[in-house]
Every structure is written in C-alpha cells, then in structure tokens.
Amino acid sequence: MAEKKATAKKATETKAAAAKKTTTVKKAAAPKAAAKSVFAVNAENAGFKAGDVYQALAAAGKALAVNEIAKAAKISEEETLLGLGWLFKEGKLVNDGEKVTLA
C-alpha cells in the first residue's frame, strides 16, 4: 500500500512539473517606437539648415508653410524651424500669419 501511495505521489509531482513546463507564458514583444530624428544643434548645422530653407523658398518663389518648406528642402520640421529661426534673425524672412516668404 505504501508503494501505491509513493507511486501516486510521484505521478502527481511529475504532472505538476510537466504543467509548469507547459504553462510558460511568452510575453508579447513591445511595439517598436517610431524612429526619431536626431541632429546636433550648433551654429554650423543651423547655418546649413538655414541654407536649405532659403533655397527651398527661393525655388518655390512663393510663401510656404513650415511642413511645405520641410518637404521641399527634404529635411525634418524640427530642422526647418531651426533654419527659419536663423533666417528670421538675419532679417531674410517675412511671416504673413501662416506662411513664410523671403524678404
């Protein structure tokens, strides 16, 4: 009788161990964050971005919104704002409310 209890106990332990192995939960992979553009903010880069913005506005020949300038210059909106700031400080731009044009 002791043998039956020992065998039953061993079988129960084996089932419990098997259950632990099969109940491993896999965590879902975290969603990948959108890639952020990183650029150095210094006088040299600001000057280059200002040049890109100026050329895009000159090529368009009309007032453009920030997103339109970024698209035309093929730079990010943050870089466009950096260039616009430079050009505004230099007095090269005029803002008519929503759009920017060359002075």
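What counts and what doesn't
Here, residues in each chain are numbered from 1, in the same order as that chain's written sequence. The model is predicted, so local features are restricted to residues of pLDDT at least 70 and side-chain atom pairs to those at 80 or more, both for listing and for counting; the totals for chains, interfaces and linings are taken over all residues. Hydrogens are left out, water is left out, and the side-chain values use all remaining heavy atoms of the structure. Only DSSP runs of H or I covering at least 4 residues are called helices, and only runs of E covering at least 2 are called strands; the numbering of each starts at the N terminus. Accessible area is worked out with a 1.4 Å probe on protein chains only. A residue is then buried under 20% of its type maximum, exposed over 50%, and partly exposed in between. Residues are treated as being in contact if the distance between any of their heavy atoms lies within 4.5 Å. In this analysis, axes come from line fits to C-alpha atoms, helices being fitted only over the stretch in contact, and the angle between any two N-to-C directions falls in the range 0 to 180 degrees. Roughly parallel means an angle under 35 degrees; roughly antiparallel means over 145; roughly perpendicular covers 65 to 115; every other angle is labelled oblique. Amino acids are sorted into nonpolar (Ala, Val, Leu, Ile, Met, Phe, Trp, Tyr, Cys and Pro), charged (Asp, Glu, Lys and Arg) and polar (every other residue, Gly among them). Scored between 0 and 100, pLDDT is the confidence that the predictor attaches to each residue. We define the nonpolar core as a collection of buried residues of types Ala, Val, Leu, Ile, Met, Phe, Trp, Tyr and Cys that are connected through side-chain atoms lying within 4.5 Å of one another.

(A) Highlighting the overall build of the protein chain. Secondary structure assignment for the protein chain yields 4 helices and 2 strands. Relative to its full complement of 103 residues, the protein chain shows a buried share of 19%. Taking as baseline every contact in the protein chain between residues at least 6 positions apart, the subset at least 24 positions apart corresponds to 52%.

(B) Structural detail: the packing of helix H2 (residues 43-60) against helix H4 (residues 77-90). At a minimum axis separation of 7 Å, H2 and H4 run at an interaxial angle of 90°. By the angle between their directions, the pair H2 and H4 is classed as roughly perpendicular. In contact with Ala-43, Ala-46, Gly-47, Lys-49, Ala-50, Val-53 and Tyr-54 of H2, H4 contributes Glu-79, Thr-80, Leu-82, Gly-83, Leu-84, Trp-86 and Leu-87. Here the residues of the contact of H2 with H4 sort into 9 nonpolar, 3 polar and 2 charged.

(C) Inspection of the packing of helix H3 (residues 66-73) against H4 at higher detail. Across the interface, H3 lies against H4 with an axial gap of 9 Å and an inter-helix angle of 105°. Judged on the interaxial angle alone, H4 and H3 are roughly perpendicular. Counting all contacts with H3, which are made through Val-66, Asn-67, Ile-69 and Ala-70, the residues of H4 involved are Glu-77, Thr-80, Leu-81 and Leu-84. A breakdown of the residues in the contact of H3 with H4 according to their chemical character gives 5 nonpolar, 2 polar and 1 charged.

(D) Broad picture of the confidence of the model for the protein chain. On average, residues of the protein chain score 79 in pLDDT, and 63% of them reach the 70 mark or higher. Mean pLDDT values for the elements of the protein chain range from 59 in helix H1 (residues 2-22) up to 95 in H3.

(E) Structural view of the nonpolar core. Among the nonpolar cores identified, the biggest contains 12 residues, and these are Ala-50, Val-53, Ala-56, Leu-57, Leu-64, Ile-69, Ala-73, Ile-75, Leu-84, Leu-87, Leu-93 and Val-100. At the level of elements, H2, H3 and H4 are the ones that each hand at least two residues to this core. Among the elements that line this core, the one with the most residues is H2, at 4 residues. Beyond its immediate chain neighbours, meaning those up to four positions away, Ile-69 contacts Val-53, Ala-56, Leu-57, Leu-64, Thr-80, Leu-84 and Val-100.

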